[in-house]
Protein chains: 2
Amino acid sequence: MRDIGAFVAGQSVYIAGQADGVLAGLKFAVKDLFDVKGVPTGAGNHDWPFGRPLPIRHAWAVQALLDAGACFVGKTVTDEVSLGIFGENPFDGTPVNIKAPDRVPGGSSSGSAAAVAAGLCDTALGTDTGGSVRVPASFCGLYGIRPTHGRLDLSGMLPQAPSSDTAGWFARDAKTFARVSSVLLQEKIPTVLPKHLVIAHDCFGFADPEVTIALKPMVARLSQIIGSSREDVMAPQGLSVWARAQRTLQPAEAFDTFKDWLDERNPRLAFSVARALVVGSMLPESERGWARLMRQEVRSRMAWLLPSDTVLCMPTTPFPAPRKGQRISILDPLRDRITCLCAQGGLAGHPQVNLPGATVDGLPVGLSIIGPRGSDAMLVALAQAMAWNF
Amino acid sequence: MRDIGAFVAGQSVYIAGQADGVLAGLKFAVKDLFDVKGVPTGAGNHDWPFGRPLPIRHAWAVQALLDAGACFVGKTVTDEVSLGIFGENPFDGTPVNIKAPDRVPGGSSSGSAAAVAAGLCDTALGTDTGGSVRVPASFCGLYGIRPTHGRLDLSGMLPQAPSSDTAGWFARDAKTFARVSSVLLQEKIPTVLPKHLVIAHDCFGFADPEVTIALKPMVARLSQIIGSSREDVMAPQGLSVWARAQRTLQPAEAFDTFKDWLDERNPRLAFSVARALVVGSMLPESERGWARLMRQEVRSRMAWLLPSDTVLCMPTTPFPAPRKGQRISILDPLRDRITCLCAQGGLAGHPQVNLPGATVDGLPVGLSIIGPRGSDAMLVALAQAMAWNF
């Protein structure tokens, strides 16, 4: 196994899957936020495991993959307590994005994406609260899903902001993606495809022009497969307004999740992570109240845009992976632009799949398809159809 | 050498002092904020030394002690980049306060105080911006001085908030304290003592009643030695108002000092330290402007209270050392109370000496004497006189 720093160091565990399961022959890894029986959950922070008992059972998603026959091969590096979108972790290191080695892998499911991209496993679990599966999938050129919020049993997964938290997964190819998805969604992948495509022109306009150009052939293929398409605005209130709502609700909820730990242990955290939590602790209730109202508007808009048989497409990220090791003051505005495209996921909870297949200057960048709540399997079917039509 | 965690681990250096100097026979240690040629300056944070060249010369105070014949025996643990008042450091550990082993040593000059208290060296350099020599001196039962601001050459000492930063030192006995002080102040310790004593009754009233009672005999002895005393208010605007000014100016300046490092390296910091810096980054100019005005008022008041030949006495800390390992939410209000008594130092820059000699339930607590700016040597003389009169 090539060492690209995707796996948590010193943590070498192998658990065989159920013999003859539908995922027999597949190897999987899990982000170090999921419990694996007998293995400390590290959460990307060396002060996190202190004083916590070892997990006595697997997280639901881990158990589901093992029951289906996949073999567990290790835990992967994550941004600290899932707070980060670039995948640079000072405790466990920054996993190498083999598609773009001088670039970040994207986070917070950085190691899971890096491991799958490098072929160290076939699939890997991640989590997505504000973009943590979608962004590394886009940056590493992978299939990746953020399922409908509330769809999966999240027991044994470390929460961050429960009203936005989801568990997702990655794969290199559409077939593996479909096999794994069928198991974790507990649903057969359908053959029927959506009938209407909405092209979110505000999102394409917000991305770097090179990204929009690079994604054009994929959008054209999507239109062709679906047979009908129209352009529309996704966020009439503004992508930055949606982002502001997400960046109010998520850090405030994350602070609520971690405040007892912070108070009791005064843990070491990267400055940017501590800062996010401090800001989360300071958001006034008036702002949180406004953000909850805006979330209602986002839900209303997404539901209106996405009746059954409809999907929306947009760039997953506004640009490909930024360079590694950049200053906070360079990364902050990049993070904010990413949030403008990702906020709808955390706010509205619709399922979203990243499709690989485009590059800008050789760097991967993904196209997202978003469906009605509960249409996860339909999105996976569409991802397969896109691959067959390549 | 007993290992009480006072010295930075893995750092064992010995440098002989000039033969036949006035401090011949004395061993000294220095807080890990002072440069020692060829030894990395750790600053209590494992990400601090990264990418920095080794010091090519000793800090001024280190060189002065070596030139005077004292021998350097090691660098001592500090709160991260001197931000902390309790001395609990997650990187280098918490030095043991041998006078109160279940209590914190006080910080940020925690290791220097702990090493001197335990007899591992005769004197040790610390720094005091908001109380970092005075508080550990009080908690560990030591002589300790915060010199007049601007008095010592601070070259080779890591700054925090330059308008309040000072370099100070500790000793177990008055004689050693006077010998070292004479060298670092570059002044003979006088025999003439101050003629007037101001007893700051607002400060005594603000301390725990047990502390005020415990300090009473020392105040009585001080009055007797000086021959004349009166009671007065130190802070007519309020100790908490003075503290507020200090807690505005100091974190804002500290953020200015460290912001490039934070931005470039995104270092790991204890949550409480990161929080102080984030708060420092958020203080509006209007608050800083107010705090600068209040500083002027504090300076005016201290100058009026302390004409030449006068000293003021007050409790150094409002209570003895708190227990180790307490939650942030318990320590925060304790820190704020400490700041109420310490703020005058950072705001007005008068010299202040902590006198040991009192205990509450066996825990040390110190009496402070404060003189006019530049009266450092007179305070040391008074400390000696107090010891002779024991």
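Just so it is clear, the structure is predicted and the values come from calculations on it, not from any experiment.

With respect to the interface of chain A and chain B
So, point 1. If you look at the interface, chain A gives 17 residues, while chain B gives 17 residues.
So, point 2. Looking at the side of chain A that touches chain B, the elements with two or more residues in it are α7 (239-265), β8 (268-270), α8 (271-282) and α10 (328-348) of chain A.
So, point 3. The element contributing the most residues to the side of chain A that touches chain B is α8(A), with five residues.
So, point 4. Tallied by class, the residues present in the side of chain A that touches chain B amount to nine nonpolar, three polar and five charged.

Let's talk about the sheet that holds strand β2 (residues 71-76) of chain A
Residue and element names in this part refer to chain A.
So, point 1. Strand order in the open sheet made by the ten strands is β2-β1-β3-β5-β4-β10-β11-β9-β6-β7, with mixed pairing throughout. Of all strands in the sheet, those bounded by a partner on one side alone are β2 and β7 (229-232). For this sheet the average axis-to-axis angle between neighbouring strands, irrespective of direction, equals 25°.
So, point 2. Examined bridge by bridge, strand β1 (residues 27-31) and strand β3 (residues 123-127) share three bridges and lie parallel to one another. Across the sheet, the residue bridging to V30 is L125, located in β3.
So, point 3. On top of the sheet, helix α11 (residues 376-388) reaches β4 (143-146), β9 (310-315), β10 (352-360) and β11 (363-370); it is set at about 25° to β10, its chief contact.

Description of the pairing of β4(A)
All names here are of chain A.
So, point 1. On β4, burial covers both faces: Y143 and I145 on one face and G144 and R146 on the other are all buried.
So, point 2. As judged from the three bridges shared by β4 and β10, these two strands associate in the antiparallel manner. Bridging from a neighbouring strand, R146 pairs with Q352 of β10.

As for the confidence of the model for chain A
So, point 1. Here chain A shows a mean pLDDT of 97. Residues at 70 or above account for 99%.
So, point 2. Across the interface, the model reports ipTM at 0.91; the global pTM reads 0.94.

Observations concerning helix α6 (residues 209-226) of chain B
Residue and element names in this part refer to chain B.
So, point 1. In a regular helix each residue adds 1.5 Å, so 18 residues correspond to 26 Å; α6 covers 25 Å between its end C-alpha atoms and thus fits that length.
So, point 2. All buried positions along α6 are accounted for by V211, A214, L215, L222 and I226.
So, point 3. Those residues of α6 that are buried lie in contact with β6 (196-200), β7 (229-232), β9 (310-315), β10 (352-360), β11 (363-370) and α11 (376-388).
So, point 4. A positive phi of about 95° marks G227, the residue just after α6.

Describing the relation of the copies chain A and chain B
So, point 1. For the pair chain A and chain B, the superposition axis carries a translation of 0.0 Å, the fit reaches an RMSD of 0.0 Å, and the rotation angle comes to 180°. Here the symmetry operator amounts to a two-fold rotation axis.

Quick look at the sheet that holds β10(B)
The strands that make up a sheet pair up through hydrogen bonds in the backbone, lying either parallel or antiparallel.
Residue and element names in this part refer to chain B.
So, point 1. The strand order β2-β1-β3-β5-β4-β10-β11-β9-β6-β7 describes an open sheet built from ten strands, whose pairing is mixed. Whereas interior strands pair on both sides, the edge strands pair on one side only; in this sheet they are β2 (71-76) and β7. Strand-to-strand, the axes of this sheet are offset by a mean angle of 25°, without reference to chain direction.
So, point 2. In the sheet, β10 pairs with β11 via seven bridges, with the strands oriented antiparallel. By the bridge assignment for β11, A358 is matched with V365.

Describing the domain arrangement of chain A
Residue and element names in this part refer to chain A.
So, point 1. Here chain A is described as being made up of domain 1 (27-185) and domain 2 (196-388).
So, point 2. The centre of domain 1, based on its C-alpha atoms, is set 18 Å off from the matching centre of domain 2.
So, point 3. Between domain 1 and domain 2, the residue contacts involve 51 residues of the former and 49 residues of the latter.
So, point 4. Its residues placed into classes, the side of domain 1 that touches domain 2 shows 23 nonpolar, 18 polar and ten charged.

A look at the environment of G357(A)
Residue and element names in this part refer to chain A.
So, point 1. In this structure, G357 sits in strand β10.
So, point 2. The partly exposed category is assigned to G357, around which 18 C-beta atoms lie within 10 Å.
So, point 3. Separated by 214 residues in sequence, G357 and Y143 have C-alpha atoms that sit 9.5 Å apart.

What to know about the environment of D47(B)
Residue and element names in this part refer to chain B.
So, point 1. Inspection of the secondary structure puts D47 in the loop between β1 (27-31) and α1 (60-67).
So, point 2. Note on D47: 19 C-beta atoms within 10 Å, which makes it partly exposed.
So, point 3. Spatially, the C-alpha atom of D47 lies 34 Å from that of G366, the residues being 319 residues apart in sequence.
So, point 4. If we ignore the near neighbours within four places in the chain, the residues touching D47 are R265, P267 and R268.

Some points on unusual backbone geometry
So, point 1. For the bond from G107(A) to S108(A), the omega torsion is 5°, close enough to zero to count as cis.
So, point 2. For S108(A), the location among the structural elements is in the loop between β2 and α2 (110-117).
So, point 3. With a phi angle near 70°, D309(A) is a residue other than glycine that sits in the positive phi range.
So, point 4. Mapped onto the elements, D309(A) comes out in the loop between α9 (285-305) and β9.
So, point 5. D309(A) gets classed as partly exposed once you count the C-beta atoms within 10 Å, which come to 16.
So, point 6. Of note, the phi angle at S82(B) is positive, near 65°, even though the residue is not glycine.

Rules of the game
Residues numbered from 1 in each chain as written. Chains lettered and ligands numbered in written order. Predicted model: local features only at pLDDT ≥ 70, side-chain atom pairs only at ≥ 80, totals over all residues. Contact = placed C-beta atoms within 7 Å. Helix = DSSP H or I, 4+ residues; strand = E, 2+ residues; numbered from the N terminus. Nonpolar A, V, L, I, M, F, W, Y, C, P; charged D, E, K, R; others polar. Pairing = 2+ DSSP bridges. Axes fitted to C-alpha atoms, helices over the stretch in contact; angles between N-to-C directions. Buried ≥ 20, exposed ≤ 12 C-beta atoms within 10 Å, placed from the backbone. pLDDT = per-residue confidence, 0-100. Expected span 1.5 Å × (residues − 1). Least-squares fit on C-alpha atoms with pLDDT ≥ 70 in both. Domains from an automatic or database assignment.

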